[in-house]
Amino acid sequence: HNRATSLVARDPVIRVQDLRKTYGRTVAVDGVSFDVHEGEIFGLIGPNGAGKTTTIECVEGLRASDGGVITVLGLDPVRDVRALQERIGVQLQEAQLQKRITVGEAVGLWASLYRAPVDGDRLLEQLGLRDKRHAWFMTLSGGQKQRLLIALALINDPEVVFLDELTTGLDPQARRTIWELVRGIRARGKTVFLTTHLM
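Residues numbered from 1 in each chain as written. Predicted model: local features only at pLDDT ≥ 70, side-chain atom pairs only at ≥ 80, totals over all residues. Heavy atoms only, no water.

A. The arrangement of the overall build of the chain in detail. Within the chain, the regular secondary structure consists of six helices and seven strands. Across the chain, helices and strands are ordered from the amino to the carboxyl terminus as β-β-β-α-β-α-β-α-α-α-β-α-β. Its C-alpha radius of gyration of 17 Å places the chain within 12% of the 16 Å reference for a compact globule of 199 residues. Across its three principal directions, the C-alpha atoms of the chain cover 45 × 45 × 25 Å. (Helix = DSSP H or I, 4+ residues; strand = E, 2+ residues; numbered from the N terminus. Rg over C-alpha atoms; globule rule 2.2 N^0.38 Å.)

Structure, rendered in structure tokens:
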């Protein structure tokens with residue numbers, strides 16, 4: 001029984017209803033609702049400070065919401081966080097790795113965290129990083145760092161991939177390359193949830 005077929009076709013992969021999150025007196029997210037369907041590239045667009053990262057972190061299970069209902073692949077992201085982590089891939093905003101970890105070491109480390117990782121070398125080749133396998137993270141360009149972080153988000157062959165502001169600080173050519181990679185992720189049959197402030 002394939003887990004991907006366990007969802008009824010019309011059921012959304014992600015359902016958010018009336019999400020609310022506050023930090024003290026600051027209301028970060030107030031009454032947000034949306035559905036994300038299988039095979040979709042869903043973009044959450046808004047200016048900096050609009051609550052995009054808070055929203056995506058609640059959906060990923062990294063933060064508990066203060067109100068509303070969230071389901072991802074039929075699971076509650078807080079209560080079922082362990083089961084969900086095996087099925088989703090996450091690229092965090094402004095994520096950093098150790099300066100002197102190599103690309104190959106990073107992929108090997110991430111692969112060791114999952115029961116059934118994909119072939120890391122093949123993934124690096126697909127993302128144009130094969131020649132950088134022995135390079136330190138600190139020596140990579142902005143676009144190469146983002147491609148590595150995408151590789152790490154894909155290492156467990158996830159059903160849903162979360163990408164938070166993945167083109168921030170990139171030049172237009174690098175940004176176009178990243179968008180092509182996102183379309184390639186969808187072409188593999190994955191659902192993509194991304195945040196951006198770029199129309």
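More follows now that the structure is in view.
B. How the structure looks around the environment of Glu38. Summarising the element assignment, Glu38 is placed in the loop between β2 (26–36) and β3 (41–45). Separated by 18 residues in the primary sequence, Glu38 and Arg20 have C-alpha atoms spaced 24 Å apart. Setting aside anything within four residues of it in sequence, one finds Glu38 in contact with Val13 and Thr191. (Contact = heavy atoms within 4.5 Å.)

C. Layout of helix α1 (residues 52–60). With respect to burial, α1 is a largely interior element, eight of its nine residues being buried. Along α1, the residues that are buried comprise Lys52, Thr54, Thr55, Ile56, Glu57, Cys58, Val59 and Glu60. Among the residues trailing α1, Gly61 stands out with phi positive, at a value near 90°. (Buried < 20%, exposed > 50% of the residue type's maximum accessible area, 1.4 Å probe, protein only.)

D. Fine view of the sheet that holds β2. Within the open sheet, the three strands sit side by side as β2-β1-β4. Their pairing is antiparallel. Because the sheet does not close on itself, it has two edges, and the strands there are β2 and β4 (67–72). On average, each strand axis in the sheet is tilted by 25° relative to the strand beside it, whichever way the strands run. On top of the sheet, α1 reaches β1 (14–23), β2 and β4; it is set at about 120° to β1, its chief contact. (Pairing = 2+ DSSP bridges. Axes fitted to C-alpha atoms, helices over the stretch in contact; angles between N-to-C directions.)

E. Here's a closer look at the sheet that holds strand β5 (residues 88–91). Within the open sheet, the four strands sit side by side as β3-β7-β6-β5. Their pairing is parallel. Two strands lie at the open edges of the sheet, namely β3 and β5, each paired on one side alone. Here the strands of the sheet are splayed against their neighbours by 15° on average, with no regard to which way each runs. For β5 and strand β6 (residues 160–164), the ladder comprises four bridges, and the chain directions are parallel. Bridged to Val90 within β6 is Phe162. Most of the contacts of α1 go to β6, to which it runs at about 155°, and overall it touches β3, β5, β6 and β7 (191–196). On top of the sheet, helix α6 (residues 172–187) reaches β3, β6 and β7; it is set at about 155° to β7, its chief contact.

F. Examining the packing of aromatic side chains more closely. According to the stated counting rule, one finds four aromatic pairs in the structure shown. Between Phe34 and Phe42, the aromatic rings sit 5.0 Å apart at their centres with planes inclined by 25°, giving stacked as the arrangement. Like Phe34, the residue Phe42 is buried in the burial classification. Cluster of aromatic residues (ring-pair linked, three or more members): Phe34, Phe42, Phe162 and Phe193. Over the ring of Trp136 we find Arg100; its NZ or CZ atom is 5.0 Å from the centre of that ring. When the ring centre of Phe137 is taken as origin, the NZ or CZ atom of Lys145, which lies over that ring, is 5.1 Å away. (Phe/Tyr/Trp six-rings, centres within 6.5 Å; stacked < 30°, edge-to-face > 60°. Lys NZ or Arg CZ within 6 Å of the ring centre and 35° of its normal.)

G. A look at the environment of Arg183. Considering the arrangement of structural elements, one finds Arg183 in helix α6. In the structure, Arg183 is positioned 97 residues away from Glu86 in sequence and 22 Å away in space, judged by C-alpha atoms.

H. Just the side chain of Thr195, in detail. Along the polypeptide, Thr195 turns up in strand β7. Side chain to side chain, Thr195 and Asp164 meet in a polar contact 2.3 Å long. Ignoring any residue separated from it by four or fewer positions in sequence, one finds Thr195 in contact with Leu44, Lys52, Ile56, Leu163, Asp164, Glu165 and Leu166. (Polar contact = N/O pair within 3.5 Å; in protein donor to acceptor, adjacent residues only side chain to side chain.)

I. Quick peek at the layout of surface pockets. As a volume, the largest pocket reaches approximately 520 Å³. In this structure, the largest pocket is lined by 21 residues; those nearest its centre are Gln85, Val90, Trp110, Leu113 and Tyr114. Residue assignment for the lining of the largest pocket shows that the elements contributing at least two residues are α2 (81–85), β5 and α5 (142–154). Take the lining of the largest pocket: its biggest share by element is four residues, from β5. (1 Å grid on protein atoms, 1.4 Å probe; cavity = no way out; pocket = protein on both sides within 12 Å on 5 of 7 lines; lining within 4 Å. Points joined across faces, edges and corners; volume = space filled by probe spheres on them.)

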